[in-house]
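# Examination of the molecular architecture
Letter by letter, the chains look like this.
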Amino acid sequence: MAILGKGIAMSQARNDGLITAIDIGSSKISALIARADDQGELEVLGTGQRESRGVRRGYIADMEATEGAIREAVEQAETIARTNIDHVWVSFSAGGLVSDVAQVEVDLGGVQIEQQDIDDLLHQGRRSLNPEGRMVLHAQPTLYTLDGLTGVKNPLGLHADKLGVEIHVIAAEPSPVRNLALCVRSAHLGVRSIVASPIATGASCLTEEDREMGIALVEMGAGVTNVSLFAGGLLVGLASLPMGCADITDDIASAFNIRRAQAERLKCVHGSAQNSPRDNHEMLEIGSPEEVADGADPPRISRAQLIQVIRQRLDHWMDAVAKALTDLGYVGPVGRQVVLTGGGAELRGIADYAQGVLGRSVRVGRPRTLSGLPDAHSGPGFATLVGLAQVAATNPAELRPFAAEQTVHRTQPMGLVGRLIAAVKSGY
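Residues numbered from 1 in each chain as written. Predicted model: local features only at pLDDT ≥ 70, side-chain atom pairs only at ≥ 80, totals over all residues. Heavy atoms only, no water.

Attention shifts here to the confidence of the model for the protein. This prediction gives the protein a mean pLDDT of 85; 86% of its residues lie at or above 70. Contacts of residues 1-15 to residues separated by more than four positions or lying in other chains number 40 contacts, the stretch itself having pLDDT below 50. The low-confidence segment residues 401-428 (pLDDT under 50) makes 65 contacts with residues lying over four places distant or belonging to another chain. (pLDDT = per-residue confidence, 0-100. Contact = heavy atoms within 4.5 Å.)

What follows is the structure in structure tokens.
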């Protein structure tokens, strides 16, 4: 049985073809049950969603509230799918994620490579993962090397003096991961795997060519914004910002002295990242239902006032994203493409606004369509959920270490990013 971390055992999936994904975010907890055919194609059988009542900035702040929301979202999906599930794939979106590449090489003496040689190499690679203070979420073998020749996908049957492999490692701070797994288990569900949110979202929103050529993915969540850099087919850089679209809601509620639920509705229905002259003439009622019922004249604001509040927060938010991209080395001819996703990407006009601020080509990333996926779950706010199911369907090979103490060392991303971006540049 594979071990994710001390006290977190991964339950074995039943061979029933069912996949259940749970995205635990700061504003909502959503679940999706799907069935995969022999080719890995997914059909959605049921979905569920509940307000996230115990998550703050991606971290579990109230275990009992989070557990209850998880159970309710899963039960709703089970009712629609007319089935019961016992294990799930879970996304992890809190800060502290780190991406790196480990390299392992063995001497073969020029013999023909057999499967046992590859298995021994991967076993040694697993044992070589000796990170400090972090928990490994992903350790996936990517490409092999033969006598220094890189980019070999399948070395079986070839001759080589030296056989090597590159292992893509993603890790996180251990305590938040354990808390997440504990909440899921408390809801009487086994944890099949915990997947880093950028991995799941990238699987849903990015093409293989995107990941190869180099692209930035900005997940605009409710409480956390993850800025991820892909190049050479790998996730090569990560930055987490403690801000999100819930901050816009709070700003609106504070500016106009209204409830958060009213502010959220104003943002979703009338909000925009772009303004126009006619916004000064469009008036919006912001009174509560109780005020309207009492016959009082509800207070009103112009749409221009609403957009002004939104833009003030967006300016600060997008400046932080721009700085994160620069710190990750996403500059020059490579740093041209940015994909926005997450609930914040549903704000009207956000792509054009971000393109003007970032000076890069920007598009909104929506999850790929799955058979049976409801329209309500097809927007960018559900990209992680859909991508999580897609990752589960492919079930990529993992070399997570068996020892609970083995985690990954925090590295400076610039060296790795620089090397991979240089490789991408050389292909232009």
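This next bit is on the pairing of strand S13 (residues 190-196). Most of S13 sits inside the fold, with seven of its seven residues counted as buried. Bridging between strand S8 (residues 87-92) and S13 involves six bridges; their strand directions are parallel. Its bridge partner being in S13, Val90 is matched across the sheet by Ile194. (Buried < 20%, exposed > 50% of the residue type's maximum accessible area, 1.4 Å probe, protein only. Helix = DSSP H or I, 4+ residues; strand = E, 2+ residues; numbered from the N terminus. Pairing = 2+ DSSP bridges.)

Another aspect to go through is the side chain of Gln140. When you line up the elements, Gln140 lands in strand S10 (residues 135-146). The exposure class of Gln140 is buried, given its relative accessible area of 19%. Setting aside its immediate chain neighbours within four residues, Gln140 contacts Glu166, Ile167, His168, Pro396, Ala397 and Glu398.

So, on to the pattern of salt bridges. Applying the stated criterion across every chain yields a total of 11 salt bridges. The shortest N-O distance in the salt bridge between Arg53 and Glu72 comes to 3.6 Å. With Arg53 in the loop between strand S5 (42-51) and strand S6 (55-56) and Glu72 in helix H1 (residues 63-81), this pair connects stretches of sequence that are 19 residues apart. Glu72 gets classed as partly exposed once you look at its relative accessible area, which sits at 30%. Between Lys267 and Glu264 there is a salt bridge, with its nearest N and O atoms 3.2 Å apart. Taken together, the residues Lys267 and Glu264, both in helix H7 (residues 260-270) and three residues apart, mark about one turn of the helix. By relative accessible area, which is 31% here, Glu264 ends up partly exposed. (Salt bridge = Lys/Arg side-chain N within 4 Å of Asp/Glu carboxyl O.)

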